[in-house]
Amino acid sequence: RVFGLLPARLRHGYSASGMSECVDKLVKTLWLRRKPRNRLLRIGAPFFGHGSFLSRSLSGDPDPLFPCTRLENDDQCLSRLKLELAKDDVLGVFVEPLQWTNGERIDLQRLKLIQAYCRDYETPLVTNDSTGMFHRYDRDSFLPSAIDSFLPDAGLLFLGGQMAVCFMSEELFEETPLM
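Residues numbered from 1 in each chain as written. Predicted model: local features only at pLDDT ≥ 70, side-chain atom pairs only at ≥ 80, totals over all residues. Heavy atoms only, no water.

Points about the pairing of strand S7 (residues 163-168)
And step 1. In terms of burial, S7 is largely enclosed, as 5 of its 6 residues are buried.
And step 2. Pairing between strand S1 (residues 12-16) and S7: 5 bridges, direction antiparallel. Opposite His12, over in S7, you have Met168 as the bridge partner.
And step 3. Here 6 bridges tie strand S6 (residues 154-160) to S7, and the two strands are oriented antiparallel to one another. Directly across from Phe158, in S7, lies its bridge partner Ala164.
And step 4. Between S6 and S7, which pair antiparallel one after the other, the connecting turn spans 2 residues, and Gly161 there sits at a positive phi close to 55°. (Buried < 20%, exposed > 50% of the residue type's maximum accessible area, 1.4 Å probe, protein only. Helix = DSSP H or I, 4+ residues; strand = E, 2+ residues; numbered from the N terminus. Pairing = 2+ DSSP bridges.)

As structure tokens, this is what we get:
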């Protein structure tokens, strides 16, 4: 049922036993398609969990195990994003449209520009829609990733407890188990 809330292009994915496992599966999937690129890029102050080294790195752990560059959600964000993507070492760009930690919103126009730059540089855009679901980001769309004018390449939904779903495009989806 959860996948039915997503646009048809994003109805490929996996269930997971929490947010951190979702992050691990998403990053493994990206790595299978984009190696040797290995740097993660996050915008704003997203929360992707604390249950794994990858999720802690994306959530801003002060001593990340994986290389993760943070771009502020400010007026310099888009110009810095272009510079970072031009290096061609970014595995994926991770955003949380409505941020769990501080309630900050990345406005839709900026999300669309981030999406356009990611497409220009052929870099996957990954969202955490957990805080923005239930129409909290957009009153017309249940999830940020279901907004007609904005379509990431992958994302996750933390449903509470040990329930989460990671979703992605068919191009990123990996049929084999991601253990």
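We are not done yet, so read on.
Observations concerning the sheet that holds strand S4 (residues 90-95)
Adjacent strands of a sheet pair through backbone hydrogen bonds, lying either parallel or antiparallel.
And step 1. Pairing is mixed in the open sheet, where 7 strands are placed in the order S1-S7-S6-S5-S4-S2-S3. Every interior strand has two partners, whereas the edge strands, S1 and strand S3 (68-71), have only one. The mean angle between the axes of side-by-side strands here comes to 20°, regardless of whether they run parallel or antiparallel.
And step 2. Strand contacts of helix H3 (residues 77-86): strand S2 (39-43), S3 and S4, with the helix running at about 155° to S3, the strand carrying the most contacts. (Axes fitted to C-alpha atoms, helices over the stretch in contact; angles between N-to-C directions. Contact = heavy atoms within 4.5 Å.)

Considerations on the side chain of Ser59
And step 1. Position of Ser59 relative to the elements: it lies in the loop between helix H2 (53-58) and S3.
And step 2. If we ignore the near neighbours within four places in the chain, the residues touching Ser59 are Arg42, Pro46, Phe47, Phe48, Gly49 and His50.

As for the packing of H3 against helix H4 (residues 108-120)
And step 1. Closest axis-to-axis distance for the H3/H4 pair is 10 Å, and the angle between their directions is 15°. With respect to H4, the element H3 is oriented roughly parallel. Two packed elements cross with a definite hand, and for H3 against H4 that hand is right-handed. Within the contact between the two elements, H3 uses Cys77, Leu78, Leu81, Lys82 and Leu85 and H4 uses Arg110, Leu113, Ile114, Tyr117 and Cys118.
And step 2. Along the lines of polarity and charge, the residues of the contact of H3 with H4 split into 8 nonpolar, no polar and 2 charged. (Parallel < 35°, antiparallel > 145°, perpendicular 65-115°, else oblique. Left-handed = near helix turned anticlockwise from the far one by under 90°. Nonpolar A, V, L, I, M, F, W, Y, C, P; charged D, E, K, R; others polar.)

Brief notes about the packing of aromatic side chains
And step 1. Scanning all chains against the criterion turns up 4 aromatic pairs.
And step 2. Seen from their ring centres, Tyr14 and Phe173 are 5.2 Å apart, and the 25° between their planes marks the pair as stacked. Separated by 159 residues along the polypeptide, Tyr14 in strand S1 and Phe173 in the segment after S7 bring together distant segments of the chain. Pair check on accessibility: Tyr14 and Phe173 agree, each one buried. (Phe/Tyr/Trp six-rings, centres within 6.5 Å; stacked < 30°, edge-to-face > 60°.)

Let's talk about the pairing of strand S5 (residues 125-128)
Consecutive side chains of a regular strand alternate in pointing toward one face of the sheet and then the other.
And step 1. Neither face of S5 is open: one carries Leu125 and Thr127, the other Val126 and Asn128, and all of them are buried.
And step 2. Of the strand pairs in this sheet, S4 and S5 are connected by 3 bridges, and their pairing is parallel. Opposite Phe94, over in S5, you have Val126 as the bridge partner.
And step 3. In this fold, S4 hands off to H4, which returns the chain to S5; that crossover is right-handed.
And step 4. As paired strands, S5 and S6 are joined by 3 bridges and run parallel to one another. By the bridge assignment for S6, Val126 is matched with Ala154. (Right-handed = clockwise from strand over helix to strand, strands pointing away.)

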